[in-house]
Amino acid sequence: MANFAFNYFKAHKSRAYISIFVCLLTTSQGKLTLTPTDVNVTEGESVRLKCTTDSGKPVNWQFGKQVNRMRDVYINGEGLVGFYRNLRRYSVEENSTTGKYDLRISNATFDDAGYYICSEPKGKDDPPHARLLVSGKAALQAMHA
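I will try to describe carefully the structure that is included in this document. (Residues numbered from 1 in each chain as written. Predicted model: local features only at pLDDT ≥ 70, side-chain atom pairs only at ≥ 80, totals over all residues. Heavy atoms only, no water.)

1. With respect to the overall build of the chain
Formally: A run of H or I in DSSP becomes a helix once it reaches four residues, and a run of E becomes a strand once it reaches two; helices and strands are each numbered from the N terminus. Categorising residues by exposure relies on relative accessible area from a 1.4 Å probe, with only protein chains included: less than 20% of the type maximum marks a residue as buried, more than 50% marks it as exposed, and the intermediate range marks it as partly exposed. Only heavy atoms matter for contacts: two residues are in contact if any of them lie within 4.5 Å across the pair. For accessible areas, the Shrake-Rupley method is used with a probe of radius 1.4 Å. Any residue's cover is judged against the shown protein chains and nothing else.
Of the regular secondary structure elements, the chain holds three helices and 11 strands. Secondary structure of the chain in N-to-C order comes out as α-α-β-β-β-β-β-β-β-β-β-β-β-α. The buried share of the chain, reckoned over its 145 residues, is 32%. Contacts in the chain between residues at least 24 apart in sequence constitute 53% of all its contacts with a sequence separation of at least 6. Carbon together with sulfur atoms contributes 51% to the accessible area of the chain, which is approximately 9500 Å² in total.

The following block contains the structure:
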């Protein structure tokens, strides 16, 4: 893509062409069509945080106990990263045809509780965050007693 742009601009030194080309590049960005929502689960249950993009390109997933202190979970098609690479409880269901990149957490623990963000790799908007709350089995049993 970069070689094409360089050769194109070299052959056509008009600013009008440059403006149109830049406009096409910026509007070809995808956008999220489905973002994760807040979820409450009981410890040990599985949870799916949904995320779909209209670009079909992989998304980024981040997690944090606070919204302003996020760390990467899944990066742009590289797969799970860092700490999450070794956790078999975490997976991303990828489908580039539909643009679906759902984050799945099986056997949820209290450590999984916090904020999750799904975002376009080069998106300019602040994506919404979803909060995952994990309650203990004992607390749930006491509420139903």
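The rest of the description comes next.
2. Points about the side chain of Thr52
On the secondary structure map, Thr52 appears in strand β4 (residues 52-53). Exposure remark for Thr52: the relative accessible area of 14% places this residue in the buried category.

3. Focus: the pairing of strand β6 (residues 71-75)
Rules: One requirement defines pairing of two strands: DSSP has to find at least two bridges between them.
When strand β5 (residues 60-64) meets β6, the two strands line up antiparallel, connected through three bridges. The partner of Phe63 across the bridge, within β6, is Arg71. The hairpin formed by β5 and β6 contains six residues between the paired strands. Where β6 lies against strand β7 (residues 79-80), two bridges are found, and the strand directions are antiparallel. Bridging from a neighbouring strand, Tyr74 pairs with Leu80 of β7. Between β6 and the antiparallel strand that follows it, β7, lie three residues; Asn76 among them carries a positive phi value of about 35°.

4. With respect to the packing of aromatic side chains
Note the threshold: Ring pairs are drawn from Phe, Tyr and Trp, using the six-membered ring of Trp, whenever the two centres fall within 6.5 Å, and their geometry is named by plane angle: stacked under 30 degrees, edge-to-face over 60, tilted for the rest.
For the structure on display, the rule yields three aromatic pairs. Consider the rings of Phe83 and Tyr84, whose centres lie 5.3 Å apart with planes at 85°: the pair is edge-to-face. On the basis of relative accessible area, Phe83 is assigned to the exposed category, the value being 55%.

5. Here we look at the side chain of Thr53
Along the chain, Thr53 falls in strand β4. What makes Thr53 buried here is its relative accessible area of 2%. When sequence neighbours within four positions are dropped, the list of residues in contact with Thr53 reads Gly30, Lys31, Leu32, Thr33, Val59, Thr98, Gly99, Tyr101 and Glu120.

None of the figures reported here should be taken as evidence of function without further support.
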